[in-house]
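The lines below spell out each chain.
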Amino acid sequence: MSDDEVDHELLDLLRKRFGIGIRNDGPPETNVLESAEFIYDNSIDVALDMRSTKVAAQSVLDEMEKRKYSTKTWSSHELHPKAKDESTVNFIFTMDLLNFSFWSEKSEDERFAVEYKEKKWTGYWGLVAVLQRALDEDIPITSPESWIDEEKCTDEVLRKVFRSANEEEPPMLEERIRCLREAGRVLDEEFDGSVVTLIEDAKNSAAGLVNLLAEKFTCFADEGTFERKHVRFLKRAQIFVADLWAAFDGEGYGAFNDIDKITMFADYRVPQMLHSLGVMWFCPSLEAKIRRLDVIESGHTWEMQIRGCSIWAVELLRREILALKPDAKVNAILIDFFLYDLAKEREKEGVEAIPHHRTRSIWY
């Protein structure tokens, strides 16, 4: 190359790094809420009851205020990390990278469970216990660089990390290992091997970070097609942002200037709770399938209607709560966290409820 020739690769790198010449389409948007509204508008098997939504909004507001529910509630759980540093960032990223499909058809005495601190943990808390136990055993399970070191971090080591107190292994273990390997490679190639760099590249935008995760990591690209329209759910990408926000109390690594763009996280438990509150209803054939504990395939129209309508239902709850109390410190994230905790509490107390729907998927 002569001295007067333009180095286009260098120019492109500078443009991307400093935003030179890049078209500004306005603040980032995830389009998750728009997708949910479209699904709700076109749903024929899942419905929302507006009157019950108003009643539920008052009940949820009252209970959240009674419990002083806030971001600090997240850190109060005994297994969640307490430090406000990079170690917690890495812990949360690992946790939400692997946070999917822990439901089991087996009894509590037979299902996948984790022994940690003289207790047995299942479901989501089983995953958190897995990570804490591994760190206690000096296994660097939350270090991205270790995920791509297949000589030290072998599949056998990872199976040891996920060992169960019962005979049942964790569901989809191979998929979890693949997620770790992929995420390690992407972080190494795109973000200097650092989750912090990934967060910094989003420039304090919650929506921007969600989009970055979906764009760069296939295991976060939770999307599909409903009625010939591309729709997005992005459950685990959004919950990563939400967990950061909650763990750091909206400061430091958890500081986002558009946190209210995050919707609820379309999974199993919140739809179950919405049904218990009378907010969500299923057509007879779908309800029968759920009550029989039959599996609904990932991407099936029923599954997508449940997820989309759940997101829209929580958005309606949020709006009703703010109509009741305009200065309420509430958003879709806190409502989701609260409904999830409430569902688990009621289950522990033996309160009767419709079973959660069964779908095996890496998306939730």
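Remember, it's a predicted structure, so these values are computed and weren't measured experimentally.

Asks: Just give me the short version of the overall build of the protein chain, but keep the residues and values in it.
Replies: Helix and strand counts for the protein chain stand at 16 helices and six strands. Expected size for 364 residues packed as a compact globule is a radius of gyration near 21 Å; at 21 Å, the protein chain falls within 12% of this value. The principal-axis extents of the C-alpha atoms in the protein chain amount to approximately 75 × 45 × 40 Å. Scored against the burial criterion, the 364 residues of the protein chain give a buried share of 54%. For the protein chain, restricting intrachain contacts to residue pairs at least 6 apart in sequence, the fraction spanning at least 24 positions comes to 76%. Of the roughly 17800 Å² of accessible surface on the protein chain, a fraction of 48% belongs to carbon and sulfur atoms. Within the protein chain, the 70 negative side-chain charges are centred at a point lying 5 Å from the centre of the 48 positive side-chain charges.

Asks: Describe the environment of Q238, with residues and values.
Replies: With respect to the element layout, Q238 can be found in helix 12 (residues 235–247). Judged by its relative accessible area of 0%, Q238 is buried. Here the alpha-carbon distance between Q238 and A266, two residues 28 residues apart in the chain, equals 9.9 Å. Not counting residues within four places of it along the chain, the set of residues in contact with Q238 comprises T30, V32, V210, F233, K261, I262, T263, M264 and F265.

Asks: Lay out the packing of aromatic side chains with the relevant residues and their values.
Replies: Geometrically, a pair of aromatic rings is defined through the distance of the ring centres and the angle of the planes. As enumerated under the stated definition, the model contains 13 aromatic pairs in all. With 5.5 Å between their ring centres and 85 degrees between their planes, Y69 and F338 make a pair best called edge-to-face. With Y69 in the loop between helix 3 (50–66) and helix 4 (72–76) and F338 in helix 16 (residues 332–349), the pair connects residues that are 269 residues apart, well separated along the chain. According to the relative accessible area criterion, Y69 is buried, its value standing at 11%. Since its relative accessible area comes to 2%, F338 is described here as buried. Measuring from centroid to centroid gives 4.9 Å for Y124 and W125, while their planes differ by 65 degrees, and the two rings are edge-to-face. Residue classification places Y124 among the buried positions, given a relative accessible area of 14%.

Parameters and conventions
Residues numbered from 1 in each chain as written. Predicted model: local features only at pLDDT ≥ 70, side-chain atom pairs only at ≥ 80, totals over all residues. Heavy atoms only, no water. Helix = DSSP H or I, 4+ residues; strand = E, 2+ residues; numbered from the N terminus. Rg over C-alpha atoms; globule rule 2.2 N^0.38 Å. Buried < 20%, exposed > 50% of the residue type's maximum accessible area, 1.4 Å probe, protein only. Contact = heavy atoms within 4.5 Å. Areas by Shrake-Rupley, 256 points an atom, 1.4 Å probe, with all protein chains shown as cover. Lys, Arg positive; Asp, Glu negative; His and termini not counted. Charge placed at Lys NZ, Arg CZ, Asp CG, Glu CD. Phe/Tyr/Trp six-rings, centres within 6.5 Å; stacked < 30°, edge-to-face > 60°.

Note that every value here comes from positions in space, so none of it alone points to a role or purpose.
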